Amino acid sequence: TTRAVVAGCGHYLPEKVVENAEFEATLDTTDEWIRARSGIERRHFAAEGQTTSNMAARAARAALADAGWEATDLDALIVATSTADLTFPSAATMVQAEIGMTKGFAFDVQAVCAGFVYALANANALIASGQARKVLVIGAETFSRIMDWSDRSTCVLFGDGAGALLLEAQEGAGTSDDRGILGTDLNSDGRHRDILYVDGGVSTQSTGHLRMKGREVFRHAVEKLAETAEATLEKAGVTADDIDWVVPHQANIRIIQGTAKKLGLGMDRVVVTVQDHGNTSAASIPLALSVGRENGQIKQGDLIVTEAIGGGLAWGAVLLRW
Ligand code: ACO
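Residues numbered from 1 in each chain as written. Predicted model: local features only at pLDDT ≥ 70, side-chain atom pairs only at ≥ 80, totals over all residues.

Looking at an unreviewed UniProt entry, the chain carries the name Beta-ketoacyl-[acyl-carrier-protein] synthase III, with the source organism given as Roseivivax marinus. The chain has a UniProt comment under Pathway (unreviewed entry) that states "Lipid metabolism; fatty acid biosynthesis." Taken from UniProt, the Sequence similarities (unreviewed entry) comment for the chain reads in full: "Belongs to the thiolase-like superfamily. FabH family." (UniProt positions renumbered as here; feature names shortened; annotations may be inferred.)

Below you can see the structure in the form of structure tokens.
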């Protein structure tokens, strides 16, 4: 069996850090409320003029250095984002040019907060079907550009950043002991568009702002995330006991805790970065993977399940052995 095996990872966070307390000056909110309801303490915001493709390229270079690869080694580049610099061309082709990747192909995947999981599943399919051997998968977002800064129920929750993962085709025995992606599960249900969306785009000739019915998104999140994570375990023939790390989309600590509990896993087996990054949408999982690897939590051979849900609704999970 050809597996998509992790060859390296990296991330980039913009310099500017905003603590919860800074919102108290302009909004009817408190550090305590934000911490208690979301687990978020601070987030990074892109500098004026800094774009998604710029942050993505920085994360890409970090991952390439980690693997000891050159950009010209790559066959494919996928960027998961809902905040591409322009309507077109894709952020991925901009990153391709910026890092000096001169062959192969590049494209964006748009599944909002589930974008990185969707992009990983696509990269896995490209590798399994022999269309690419070396693939760069990036999640990158500048959600600060689509915030309504007068809406306290959304603008305190999001942040900017980018994370990147390199995948390489490798032959395995076809068992769950193989390194690489062992299972994927993708879902969407477009009937829920009104609970999480941006009220602008090509049809309105403006970028628009993120709108969210937080309580309703929350209600869907725990159940669907546990379900999709369990589906990947079942496909690979492993159980929750075998899992070393859950690396969830980092939207809200209470969703993360609720999902871990439903899976029967203690929080000591969950990589948590939401306190420092806020919700970075498609960037949150690769950021958490890279930070988790850097701080010694994630080691080669660890069995990891990632899961995410976001606008659409779109949700899914990927099981992989690091
Ligand atoms: N500071 C103080 N009070 C606030 C704030 C704030 N920043 N924001 C909202 N409130 C108020 C509300 O107005 C409400 O007041 P009311 O009871 O008088 O109406 C009260 O706090 C409680 O609001 P709830 O919405 O019930 O609070 P909840 O506990 O649900 O927490 C939150 C809100 C954090 C948004 C939560 O619902 C959540 O995390 N939802 C899921 C979001 C998510 O996971 N999104 C993931 C996908 S993101 C993507 O795809 C881009």
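From this point, things continue past the structure.
Q: Teacher, can you tell me more about the overall build of the chain here?
A: In terms of regular secondary structure, the chain is built from 9 helices and 13 strands. Across its three principal directions, the C-alpha atoms of the chain cover 55 × 45 × 40 Å. Looking at the chain residue by residue over its 322 residues, the buried ones come to 52%. For the chain, the proportion of contacts with a sequence separation of at least 24, taken over those separated by at least 6, is 77%. (Helix = DSSP H or I, 4+ residues; strand = E, 2+ residues; numbered from the N terminus. Buried ≥ 20, exposed ≤ 12 C-beta atoms within 10 Å, placed from the backbone. Contact = placed C-beta atoms within 7 Å.)

Q: Explain the domain arrangement of the chain to me, please; I cannot follow it from the model alone.
A: Interface size, as often reported, equals the accessible area lost upon joining of the parts. Domain boundaries assigned for the chain yield domain 1 (2–171) and domain 2 (180–321). Computed from C-alpha coordinates alone, the two centres of domain 1 and domain 2 are separated by 14 Å. On the domain 2 side, the residues contacting the 50 residues of domain 1 number 46 residues. Of all the elements in the fold, those that place two or more residues in the side of domain 1 that touches domain 2 are β1 (2–12), β3 (42–45), α4 (115–128), β6 (134–142), α5 (152–155) and β7 (160–171). When the residues that make up the side of domain 1 that touches domain 2 are grouped by side-chain class, the tally is 25 nonpolar, 17 polar and 8 charged. (Domains from an automatic or database assignment. Nonpolar A, V, L, I, M, F, W, Y, C, P; charged D, E, K, R; others polar.)

Q: Would you mind showing me how to read the site of the ligand here?
A: Near the ligand lie 23 residues; those nearest to it are Thr29, Cys113, Gly214, Ala251 and Gly310. Looking at the shell around the ligand, the elements with two or more residues in it are α1 (31–38), α5 and α6 (214–236). Sort the elements by how many residues they give to the shell around the ligand and α6 lands first, with 5 residues. Residue composition of the shell around the ligand, grouped by class: 11 nonpolar, 9 polar and 3 charged. Two domains each put at least three residues into the shell around the ligand: domain 1 (2–171) and domain 2 (180–321). (Near = placed C-beta within 6 Å.)

Q: What is the right way to look at the packing of α6 against helix α7 (residues 253–263) in this model?
A: The angle between the axes and the distance between the axes are what describe a pair of packed helices. Taken N-terminus to C-terminus, the directions of α6 and α7 make an angle of 40 degrees; their axes are 9 Å apart at the nearest point. In terms of axis orientation, α6 runs oblique to α7. The crossing of α6 and α7 is right-handed. Across the interface between the two elements, Phe218, Ala221, Val222, Leu225, Ala226, Ala229 and Glu230 from α6 touch Ile255, Gly258, Thr259, Lys262 and Leu263 from α7. Taken together, the residues of the contact of α6 with α7 break down into 8 nonpolar, 2 polar and 2 charged. (Axes fitted to C-alpha atoms, helices over the stretch in contact; angles between N-to-C directions. Parallel < 35°, antiparallel > 145°, perpendicular 65-115°, else oblique. Left-handed = near helix turned anticlockwise from the far one by under 90°.)

Q: How should the UniProt feature "domain: Beta-ketoacyl-[acyl-carrier-protein] synthase III N-terminal" (unreviewed entry) in the chain be read in this particular structure?
A: Under the present numbering, the feature "domain: Beta-ketoacyl-[acyl-carrier-protein] synthase III N-terminal" (unreviewed entry) in UniProt falls on residues 107–190. With 21% helix and 39% strand, residues 107–190 has end C-alpha atoms that lie 23 Å from one another.

Q: Could you clarify how one ought to interpret the environment of histidine 220 in this entry?
A: Note on placement: histidine 220 falls in helix α6. For the pair histidine 220 and isoleucine 255, spaced 35 residues apart in sequence, the C-alpha separation works out to 9.9 Å. Setting aside chain neighbours within four positions, we find histidine 220 in contact with Ile309 and Leu313.

Q: Teacher, can you tell me more about helix α3 (residues 91–99) here?
A: A turn of α-helix holds 3.6 residues, and therefore any two residues three or four places apart point the same way. Among the residues making up α3, those that are buried are Ala91, Ala92, Met94, Val95, Gln96 and Ile99. Packed against the buried residues of α3 are α2 (52–67), β4 (76–80), β5 (105–109) and β6. Glycine 100, located one to two residues past α3, shows a positive phi value of around 80 degrees.

Q: I tried to follow the pairing of β6 on my own but got confused; where do I start?
A: Looking down a regular strand, the side chains alternate between one sheet face and the other. With 8 of 9 residues buried, β6 lies mostly within the body of the structure. In this structure, β4 lies alongside β6, joined through 5 bridges in parallel fashion. When the bridges of β6 are listed, isoleucine 78 appears paired with valine 137. As judged from the 9 bridges shared by β6 and β7, these two strands associate in the antiparallel manner. (Pairing = 2+ DSSP bridges.)

Q: Would you mind going over the UniProt feature "active site" (unreviewed entry) in the chain with me for this structure?
A: In the numbering used here, UniProt assigns the feature "active site" (unreviewed entry) to Cys113, His249 and Asn279. The annotated residues occupy 167 residues of the chain but converge on a single region, no pair of C-alpha atoms lying more than 8.7 Å apart. Tracing the chain through its elements places histidine 249 in the loop between β11 (245–248) and α7. The exposure class of histidine 249 is buried, given the 34 C-beta atoms found within 10 Å. Among all residues touching histidine 249, those that are not within four sequence positions of it are Cys113, Ser284, Ile285, Glu307, Ala308 and Ile309. Looking at the secondary structure, you find asparagine 279 in the loop between α8 (274–277) and α9 (284–294). If near-sequence neighbours (up to four positions away) are discounted, asparagine 279 is found in contact with Leu157, Phe158, Gly159, Gln250, Ala251 and Ser284.

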